[in-house]
Amino acid sequence: MAKDTLSDITGLPDDLGIGDDLTRSQQRASIRVDSRRYGKPVTVVEGLDLPSDDVESLASTLKSKLAVGGTVSDDGEIELQGKHGRRLVEALREEGFDVET
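Every residue gets a number counted from 1 within its own chain, in the order that chain's sequence is written. Only residues with pLDDT of 70 or above have their local features reported here, since the model is predicted, and side-chain atom pairs are shown and tallied only from 80 upward, although totals for entire chains, interfaces and linings are computed over all residues. Neither water nor hydrogens contribute to the side-chain values; these are computed over all heavy atoms in the structure.

K.L.:
Please explain unusual backbone geometry as it appears in this structure.
P.N.:
The general pattern is negative phi for most residues beyond glycine and trans for most peptide bonds. With phi around 60°, Y38 is a residue other than glycine that occupies positive phi space. Note on placement: Y38 falls in the loop between β1 (28-35) and β2 (41-46). Three exposure classes are used, based on accessible area relative to the maximum for each residue type with a 1.4 Å probe and protein chains only: buried under 20%, partly exposed in between, and exposed over 50%. With relative accessibility at 73%, the residue Y38 sits in the exposed group. Phi angles above zero are rare outside glycine, and A67 is one such case at about 55°. Given the relative accessible area of 69%, A67 is considered exposed. Secondary structure elements are defined from DSSP: runs of H or I of at least 4 residues count as helices, runs of E of at least 2 residues count as strands, and each element is numbered from the N terminus.

This is how it looks when you write it as structure tokens:
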């Protein structure tokens with residue numbers, strides 16, 4: 001019988017994935033809107049302390065939910081085309097993040 005490994009955060013089996021949810025909820029994502037070339041708005045999500053694979057996955061999820069284009073910058077910020085305010089805040093909260101606007 002295989003022994004389950006326990007989470008350092010919760011003390012519960014890692015298979016439950018509860019530690020991932022807690023890690024996300026403890027992070028505060030910050031949202032701002034910048035202007036790019038020709039005055040086009042870009043919404044930037046910053047302040048996430050996640051591995052690059054998780055940031056890429058989150059960016060993909062957000063782009064799908066908001067039906068927009070976007071990218072992940074070299075410093076780990078998620079850049080989404082357009083101005084998304086409330087819809088982006090709701091999408092991040094659905095993914096388990098605390099959001100600062």
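Additional details are given in the paragraphs that follow.
K.L.:
Sorry if this is basic, but what is going on with the pairing of β2 here?
P.N.:
Taken residue by residue, a regular strand's side chains alternate between the two faces of the sheet. Pairing between strands is defined by DSSP: at least two bridges between them are needed. Pairing between β1 and β2: six bridges, direction antiparallel. Residue pairing in the sheet places V33 in a bridge with T43 of β2. Connecting β1 to the next strand, β2, in antiparallel fashion are five residues, including Y38 with a positive phi near 60°. Bridging between β2 and strand β4 (residues 78-81) involves three bridges; their strand directions are antiparallel. When the bridges of β4 are listed, T43 appears paired with L80.

All we've got here are geometric facts, nothing functional implied.
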